[in-house]
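As a plain string of letters, each chain reads:
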Amino acid sequence: MYEKSVVADDLHVALGGEPVLQGFSLSTSPGEIVAVVGPNGSGKSTLLRCLAGLQPVERGRVTVFGVAPSDDAAFWRDVALLTDEPAWYPGLTSREHLELVEAVHGKPRMTAETALGLFELTGRADAPPQNLSTGQRQRLSLAAAFLRPSRLLLLDEPERGLDTSFRVRLAELVAAYAAEGGTVVMATHDPALADCARQVSPAGQATP
Ligand SMILES: Nc1ncnc2c1ncn2[C@@H]1O[C@H](COP(=O)(O)OP(=O)(O)OP(=O)(O)O)[C@@H](O)[C@H]1O
């Protein structure tokens, strides 16, 4: 049977007493790229959190590869999430952070060295993340997310801090991930990134 990667059905979420998601539904297949678009405060991050099982829903249902999101290791083995900047380990260089991810995950998608090259960090590999620029730190976070094996990539504004040329590279990296059969759901304000994807809006308006 052809498996859906994400199914969100009739999601309702209210935050601070205000409705954020009101009957939102989404179904994705392996190999698909979905851009969650809409203005500030329209519920994009909330939706990603629902898909990751981090935001309880009042009504509706989410399944990821046929099961409800959960906090167990099996769920997170399939799902890579990039939201706010992660906590960095004191005393480790940027290269060592990626080597750690490579060592811990069996069958990484690429080596730490390859990731440093793809994410244009080779020249800063020996610097600790704290000494990188904002955009370089975002590239390091992305490198860790793309290096580890996963079947679903949830990205919340992955373009944050990136210059124009690296945004183009990011679109290519996302496309390559999907071409391998992975699913990408990303909240984005970047029109070029969104144009490479099927666009959905938590506010309910599907954009062309
Ligand atoms: N912890 C919270 N308590 C109360 N309201 C919240 C909370 N978190 C978010 N909200 C509200 O929920 C709504 C949706 O927020 P969300 O972060 O999902 O929007 P977004 O589309 O991702 O916005 P942005 O484009 O600014 O990142 C906003 O009105 C926000 O103010």
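Reading guide: rules and limits
Residues numbered from 1 in each chain as written. Predicted model: local features only at pLDDT ≥ 70, side-chain atom pairs only at ≥ 80, totals over all residues. Heavy atoms only, no water. UniProt positions renumbered as here; feature names shortened; annotations may be inferred. Near = heavy atom within 4 Å. Polar contact = N/O pair within 3.5 Å; in protein donor to acceptor, adjacent residues only side chain to side chain. Areas by Shrake-Rupley, 256 points an atom, 1.4 Å probe, with all protein chains shown as cover. Helix = DSSP H or I, 4+ residues; strand = E, 2+ residues; numbered from the N terminus. Nonpolar A, V, L, I, M, F, W, Y, C, P; charged D, E, K, R; others polar. Expected span 1.5 Å × (residues − 1). Buried < 20%, exposed > 50% of the residue type's maximum accessible area, 1.4 Å probe, protein only. Arc of directions from axis to C-beta. Contact = heavy atoms within 4.5 Å.

In the annotation of an unreviewed UniProt entry, the protein chain is listed under the name Heme ABC exporter ATP-binding subunit CcmA and assigned to Nonomuraea roseoviolacea subsp. carminata. Turning to the protein chain, the UniProt record has this under Sequence similarities (unreviewed entry): "Belongs to the ABC transporter superfamily."

Caption draft 1: Main features of the site of the ligand. In the vicinity of the ligand, 13 residues are found, and the nearest of them are Gly 41, Lys 44, Ser 45, Thr 46 and His 189. In the model, an oxygen atom of the ligand is placed 3.0 Å from a nitrogen or oxygen of the Glu 157 side chain. Summarising the interface, the protein chains cover 54% of the accessible area of the ligand, which totals 640 Å² for the free molecule. For the shell around the ligand, the element with the highest residue contribution is helix α1 (residues 44-51), accounting for three residues. A class-by-class count of the residues in the shell around the ligand yields three nonpolar, eight polar and two charged.

Caption draft 2: Summary view of helix α6 (residues 164-179). Taking 1.5 Å of rise per residue, the 16 residues of α6 would be expected to cover 22 Å, and the 23 Å separating its terminal C-alpha atoms lies within 8% of that figure. For α6, the complete set of buried residues consists of Phe 166, Leu 170, Ala 171, Leu 173, Val 174, Tyr 177 and Ala 178. Considered in projection along α6, the buried side chains sweep an arc of 165° and stay on one side of the axis. For α6, the exposed residues lying more than 90 degrees away from the buried face are Ser 165 and Ala 179. Contacts from the buried residues of α6 go to β3 (33-36), α4 (112-118), α5 (134-147), β6 (152-156), β7 (183-187) and α7 (191-195). N-capping of α6 is provided by Asp 163, with a side-chain oxygen placed 3.3 Å from the backbone N of Ser 165.

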